[in-house]
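Summary of structural features
Chain by chain, the residues:
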Amino acid sequence: MAANTVFWFLEQLSPSLCMACDAHVPKNTAFCAVCVASIERSTHIHSPFLYGGAVARALTKLKYEVRRDLGPMLGRLLVLGLGNALDERFDVVAPVPLHSDKLTERGYNQCVWLSRAVAHASAIEHDALLMRRTRNTEAQAQLGIRERETNVANAFTVRERRRVANRSVIVVDDVRTTGATLRACEMALYEADASRVRTLSLCLTPR
Ligand SMILES: [Zn+2]
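First things first, this report covers the structure right here in the doc. Note that the structure is a prediction, hence the values are computed from the model and not measured. By convention here, each chain's residues receive numbers from 1 onward along its written sequence. Thresholds applied to this predicted model are a pLDDT of at least 70 for local features of residues and 80 or more for the giving and counting of side-chain atom pairs; totals over whole chains, interfaces and linings are not thresholded and use all residues. Calculation of side-chain values draws on the structure's entire complement of heavy atoms; hydrogens and water are dropped beforehand.

This part is about unusual backbone geometry. Among all residues except glycine, the phi angle is most often negative; among peptide bonds, the trans geometry is most common. With a phi close to 65°, Asp22 is a non-glycine residue in the positive phi region. On the secondary structure map, Asp22 appears in the loop between helix H1 (3-12) and helix H2 (33-37). Non-glycine residue Val66 carries a positive phi angle of around 50°. Relative to the helices and strands, Val66 is located in the loop between helix H3 (53-64) and helix H4 (70-82). Exposure is judged per residue with a 1.4 Å probe applied to protein chains only, and the accessible area is read against the type maximum: over 50% gives exposed, under 20% gives buried, and values in between give partly exposed. Using a relative accessible area of 53% as the deciding quantity, one classes Val66 as exposed. A run of H or I in DSSP becomes a helix once it reaches four residues, and a run of E becomes a strand once it reaches two; helices and strands are each numbered from the N terminus.

Bringing the coordination of the zinc ion into the picture now. Water is absent from the atoms considered, so a metal site may look incomplete; donors are defined as N, O and S atoms within 2.8 Å of the metal, or 3.2 Å for Na, K and Ca. Distances from the zinc ion to its protein donors, Cys18 (SG), Cys21 (SG), Cys32 (SG) and Cys35 (SG), fall at 2.3 to 2.4 Å. Classification of Cys32 by relative accessible area gives buried; the value is 13%. Cys35 gets classed as buried once you look at its relative accessible area, which sits at 2%.

A separate point is helix H8 (residues 180-191). By this rule, a helix spans an expected 1.5 Å times one less than how many residues it contains. The terminal C-alpha atoms of H8 lie 16 Å apart, and with 12 residues this matches the ideal 16 Å at 1.5 Å per residue to within 8%. Within the span of H8, buried status applies to Ala180, Thr181, Leu182, Ala184, Cys185, Ala188 and Leu189. A positive phi of about 70° marks Asp193, the residue just after H8.

Structure representation (structure tokens):
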């Protein structure tokens with residue numbers, strides 16, 4: 001990342017431990033210098049960071065080590081990374097939903113912090129319950145590209161069609177790998193007559 005961008009980001013946040021490696025850092029610093037250097041921008045304007053380094057470590061802690069405190073900070077990182085990428089107006093922002101079994105197991109949907117930060121930054125309505133995951137498709141990581149697409153297709157629905165019909169919607173995921181999950185959400189939203197859909201994620205898996 002460009003140094004001025006990093007400094008801007010560091011000024012916005014105030015943990016006293018590095019979000020990725022837990023090293024002690026000065027107040028108002030999100031990542032230690034080593035971790036900052038590991039953050040890579042992606043070329044996808046709607047998925048601003050490459051999945052890896054400090055961003056991947058912080059996301060892993062949020063998802064698997066119950067580090068809820070990292071949620072708002074990763075949300076702000078997404079907003080920073082997006083910059084002016086959202087140049088159109090949208091009506092509502094929603095996270096990619098977890099299946100209810102997964103939600104019970106983890107206790108929270110990590111994508112909610114990301115979608116909430118986007119909604120807050122753009123002053124758009126946030127609806128964490130806009131969509132529902134009807135099938136538990138969590139084993140995506142073990143699957144190939146084609147299998148992922150099949151596995152996740154039709155896994156999402158909208159809860160209330162009237163909340164989506166004729167509205168423009170942003171849907172937010174943590175990591176975009178093949179894009180299959182976000183495409184499946186997009187299809188479900190268009191099936192419910194969304195007027196326009198934008199898909200965002202914090203990270204893009206490098207190919
Ligand atoms: Zn660190």
